[in-house]
Amino acid sequence: MAAPNSKKSNNETSINETSLNEKSALRHLRPIFRFLLPYKWVVAAALFALVLTAGINLSLGQGLKQVIDQGFIAGSMAQLRGSVILLISLIALMAVGIFCRFYLMSWLGERVSSDIRKAVFARILALHPSYFEENRSGEIMSRLTTDTTLLQSIVGSSLSMALRSTLMLIGGVIMLFITNVKLTMIVLLCVPMVLLPMKLFGRRVRTLASSSQDAIADISTYAGEVMQNIKTVHSFNRQSTELAAFDGEVDKAFAVAKKRIMQRSFLIAFVIFISFSGISFMLYSGGVDVLSGKMSGGELAAFVFYAIVVAMAVGTVAEIYGELQRAAGAAKRLIELLEVQSEILDPAQAQSLDTQAQADVIEFTDVSFHYPSRPQQSALSAFNLQISQGETVAIVGPSGAGKSTLFELLQRFYDVSAGSIRLHGVDIRELSLHDIREQMAMVAQHPVLFSADVYHNIAYGKEGATQDEVSAAARQAYADEFIEQLPDGYHSFLGERGVRLSGGQKQRIAIARAILKDPEILLLDEATSALDAQSEHHVQAALTELMKSRTTLIIAHRLSTVMHADRIVVMDKGKVVANGDHASLMQQSPLYRKLCELQFNQPSASV
Ligand SMILES: Nc1ncnc2c1ncn2[C@@H]1O[C@H](COP(=O)(O)OP(=O)(O)OP(=O)(O)O)[C@@H](O)[C@H]1O
């Protein structure tokens, strides 16, 4: 397996390109606010609680001044009691405010990240399938999970902390000025000394955070691939190579993270040191004023209180700034994904499909096509083929001839580069994607089954299928017998930790699914690997059932299939090279003769 970094795509829309514009990283958080819009009343309530708690917090300084000046220094017990009661009432009100703020903000964080997750997944489902060839699914998964979780913590806590700290900072500075101008100037001197390194280190943290996220995505992709191919790894005894390669990736991610946390630790320590040094100096200077009677003890206490409030606010902002930068990286990646446009879209005004139309069911006219990732190499060129209603057409050809590509294009997973494909006389680009796919069912060479039970896998063929329909389809596909024998019958779980089915059994489940869909057109890709005689017999019987009265296109790997087809199309290098029945092709097409010998394992003479 290649090292993950080597697989990065060069595509412009690739999500690998996540380097952040240094100057305006935080602007990437802006689009996230649109997810807050539906909850504007919750946001308003949370903001109200935030302003209330900040206001009360700031007024505590005045309370403190009262307690000291009126209570202690004036020596009045009654005033002391009154001030303390006022203080406790304020604190109680603040506690209620903190509860509301914390609950509402966390609620918003959870809600918004859930909404973003849903929106991203909806986008993923709507994207053209080739997007997933250009971008690794591990990276997309990381967006769906890690990035949204990061945003959840940002909206749920960091943003609230940042807002609160900013309010406290502004309010604290105003209160400092009101209390004592000279001492305030000393405190303010420290501000540029704090802000400058914040800006400097913030930029580095931001860049490192983005590469840290990418490195983690690389790790999960790598681990996922190894797990998927675990048997190959074991067969070739490559565990230690894989382990070493994985360790290398993890260490790389760790090295990036280490740099990031080093920058952040340094930033936090520096900011705290400067802030508290300033406070100490200010304390000294204020102490001198109290001793000389220029200032009351209560005023100094209130001043210290506000200075600590301001210092803590600056410290919090410094700490959260890095986190906001990280979130900006996550937001940018998520918004990129949300904004990717599908290359395969429904037409503005879809035509309706008339299945009774006289035209051929399927018509390929001068179709040329190359895969987006291989612009230089044509998969099909000037390809022509007409298939009429109810016809069974077998497609044969050497590997790479373009047989599977036909199926991909028919389902409009890609658009043709030139020419056209028509269904009942209508260009498929003028039909809705839903209509095109509703007409067809595909049984793949290696059918993909979901990690769910057998029932779900068959019922996937038709929305809202009833139990009776599912079992009828299974019976028609000659699958009910083996399904009944599974440990939990139709409710046996398939997939990673479920029952393992043989190739033939999987195919029959896929056939049952297709029968349930009851499509007009069938796309069959026969299994290349030979099934045992009994499975072969069952699969053949199931296929015959499925093909009854439908138009069928079948990529044939078995002699019996070509013999039963109405017509055989021989393909080579993206073109039709011969067309006819078995006997005529044996006469006319050297390639067909050769394929018969090799592919069907039959000497041409005996066919
Ligand atoms: N997703 C893809 N991206 C890029 N190139 C592709 C893709 N799928 C197929 N190709 C290329 O397009 C050409 C036609 O491939 P296709 O899979 O249609 O051939 P095939 O006749 O079905 O072969 P086989 O019998 O081996 O499955 C080949 O050169 C193949 O390498």
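Everything here concerns the structure above.
These numbers come from a predicted model, not from an experiment.

A.B. asks: Any chance you could explain the overall build of the chain here in plain terms?
C.D. replies: Within the chain, the regular secondary structure consists of 18 helices and 10 strands. Here the C-alpha atoms of the chain give a radius of gyration of 35 Å, more than 25% beyond the 25 Å that 2.2 N^0.38 yields for 607 residues. Taking the principal axes of the C-alpha coordinates as reference, the chain spans close to 120 × 50 × 45 Å. Burial analysis of the chain (607 residues in total) assigns 48% to the buried set.

A.B. asks: Honestly, the site of the ligand in this entry has me stumped. Any pointers?
C.D. replies: Near the ligand lie 15 residues; those nearest to it are Ser399, Gly400, Lys403, Ser404 and Thr405. Interatomic distance of 2.6 Å between a side-chain N/O atom of Ser404 and an oxygen atom of the ligand. Measuring from an oxygen atom of the ligand, one finds a side-chain N or O atom of Thr405 at 2.4 Å. Protein chains shield 70% of the accessible area of the ligand, which is 630 Å² for the free molecule. Of the residues contributing to the shell around the ligand, the split by class is five nonpolar, seven polar and three charged.

A.B. asks: What's the story with the sheet that holds strand E8 (residues 551–555) in this structure? I'm lost.
C.D. replies: Strands pair in a sheet through their backbones, by hydrogen bonds, and they do so in one of two ways: parallel or antiparallel. Strand order in this open sheet of six strands is E6-E7-E8-E3-E9-E10, and the pairing throughout is mixed. This sheet does not close on itself; its edge strands, each paired only once, are strand E6 (440–443) and strand E10 (575–580). Put simply, the sheet's adjacent strands are angled 20° from each other on average, direction ignored. Where strand E9 (residues 567–572) lies against E10, five bridges are found, and the strand directions are antiparallel. Residue pairing in the sheet places Val570 in a bridge with Ala578 of E10. This element, helix H14 (residues 503–517), spans E6 and strand E7 (521–525) of the sheet and lies at about 175° to E6. Against the sheet, helix H18 (residues 590–598) engages strand E3 (392–396), E9 and E10, with an angle of about 95° to E9.

A.B. asks: I'm lost on the sheet that holds strand E5 (residues 426–427) in this one. Help?
C.D. replies: Pairing in this open sheet of four strands is antiparallel, and the strands run E2-E1-E4-E5 from one edge to the other. A single partner strand is all that each edge strand has here, and the edge strands are strand E2 (380–387) and E5. Relative to E5, strand E4 (residues 418–423) is paired through two bridges, and the arrangement is antiparallel. Its bridge partner lying in E5, Leu423 is registered against Val426. Strand contacts of helix H9 (residues 403–410): strand E1 (362–369), E2 and E4, with the helix running at about 110° to E1, the strand carrying the most contacts.

A.B. asks: Looking at this structure, how should I read the side chain of Asp147?
C.D. replies: Following the sequence through the fold, Asp147 ends up in helix H4 (residues 137–179). With near-sequence residues (within four places) excluded, Asp147 lies in contact with Ser142, Gln213, Ala330, Arg333 and Leu334.

A.B. asks: Would you mind going over the layout of surface pockets with me for this structure?
C.D. replies: Where empty space is left in the structure can be found by rolling a water-sized probe over the atoms. Estimated volume of the largest pocket: approximately 1600 Å³. Every residue lining the largest pocket is counted, 34 residues in all, and those nearest its centre are Gln411, Phe413, Phe450, Tyr460 and Lys517. Listed by contribution, the elements that provide at least two residues to the lining of the largest pocket are helix H2 (77–126), helix H10 (433–439), E6 and H14.

A.B. asks: What am I meant to see in the pairing of E4 here?
C.D. replies: Note on strand geometry: in a regular strand, side chains alternate between the two faces of the sheet. Across five bridges, E1 lies against E4 in antiparallel orientation. Note that in E4 the partner of Ser368 across the bridge is Ala418. Adjacent in sequence and paired antiparallel, E4 and E5 are bridged by two residues, among which His424 carries a positive phi angle near 45°.

A.B. asks: Looking at this model, I keep getting lost on the packing of helix H5 (residues 181–228) against helix H8 (residues 297–339). Mind explaining?
C.D. replies: Helices that pack against each other are described as a pair by the angle of their axes relative to one another and the distance between those axes. The geometry of H5 relative to H8 is characterised by a closest axis approach of 9 Å and an angle of 20° between their N-to-C directions. Viewed along their axes, H5 and H8 adopt a mutual orientation that is roughly parallel. The hand of the H5/H8 crossing is right-handed. Residue-level inspection shows Leu183, Thr184, Val187, Val194, Met198, Gly202, Val205, Arg206, Ala209, Ser210, Gln213 and Asp214 of H5 in contact with H8, the latter providing Leu300, Phe303, Val314, Val317, Ala318, Tyr321, Gly322, Gln325, Arg326 and Arg333. Classifying every residue of the contact of H5 with H8 by side-chain character gives 12 nonpolar, six polar and four charged.

A.B. asks: Would you mind going over the nonpolar core with me for this structure?
C.D. replies: Soluble, globular proteins show a tendency: their nonpolar side chains are buried together. Ile458, Ile511, Leu546 and Tyr592 are the most contacted members of the largest nonpolar core, which has 48 residues in total. Excluding anything up to four places from it in sequence, Ile511 contacts Val443, Ala477, Val539, Ala542, Leu543 and Leu546. By size, the runner-up hydrophobic cluster in this structure holds 35 residues, among which are Ile344, Phe364, Ile421 and Val569.

Definitions and cut-offs
All residue numbers refer to position in the chain's written sequence, counted from 1. Selection of residues for local features in this predicted model requires a pLDDT of at least 70, selection of side-chain atom pairs for listing and counting requires 80 or more, and totals for whole chains, interfaces and linings are taken over all residues. Hydrogens are left out, water is left out, and the side-chain values use all remaining heavy atoms of the structure. Helix numbers and strand numbers start at the N terminus; a helix is a DSSP run of H or I with at least 4 residues, a strand a run of E with at least 2. The reference for a compact globule is 2.2 Å times residues^0.38; the radius of gyration itself is calculated from the C-alpha atoms. With a 1.4 Å probe rolled over the protein chains alone, any residue whose accessible area is under 20% of its type maximum counts as buried; one over 50% counts as exposed, and the rest are partly exposed. Each residue is tested against the molecule or strand, and it is near if at least one of its non-hydrogen atoms lies within 4 Å. Whenever two N or O atoms come within 3.5 Å, that pair is a polar contact, provided that in protein one can donate a hydrogen and the other can accept it, and provided that, for residues adjacent in sequence, both atoms are side-chain atoms. Every accessible area reported is derived by Shrake-Rupley at a probe size of 1.4 Å, with residue values counting cover from the shown protein chains alone. Here the term charged refers only to Asp, Glu, Lys and Arg, the term nonpolar to Ala, Val, Leu, Ile, Met, Phe, Trp, Tyr, Cys and Pro, and the term polar to all other amino acids, Gly among them. Note: two strands are recorded as paired if DSSP finds a minimum of 2 bridges between them. Between N-to-C directions, angles span 0 to 180 degrees; the directions come from axes that are lines fitted to C-alpha atoms, helices contributing only their stretch in contact. Whether two residues touch is decided by their heavy atoms; if any such pair falls within 4.5 Å, the residues are in contact. Two kinds of site are reported from a 1 Å grid over the protein atoms alone, namely cavities, where a 1.4 Å probe fits but cannot get out, and pockets, open sets with protein on both sides within 12 Å along at least five of seven lines, and residues are called lining when an atom falls within 4 Å of a point. Grid points are joined across faces, edges and corners, and a volume is the space filled by probe spheres set on the points. For this classification, under 35 degrees means roughly parallel, over 145 means roughly antiparallel, 65 to 115 means roughly perpendicular, and everything else is oblique. Definitions for this section: a left-handed crossing has its near helix turned counterclockwise from the far helix by less than a right angle. A right-handed crossing has that turn clockwise. In this text, buried Ala, Val, Leu, Ile, Met, Phe, Trp, Tyr and Cys residues form a nonpolar core when linked through side-chain atoms within 4.5 Å.

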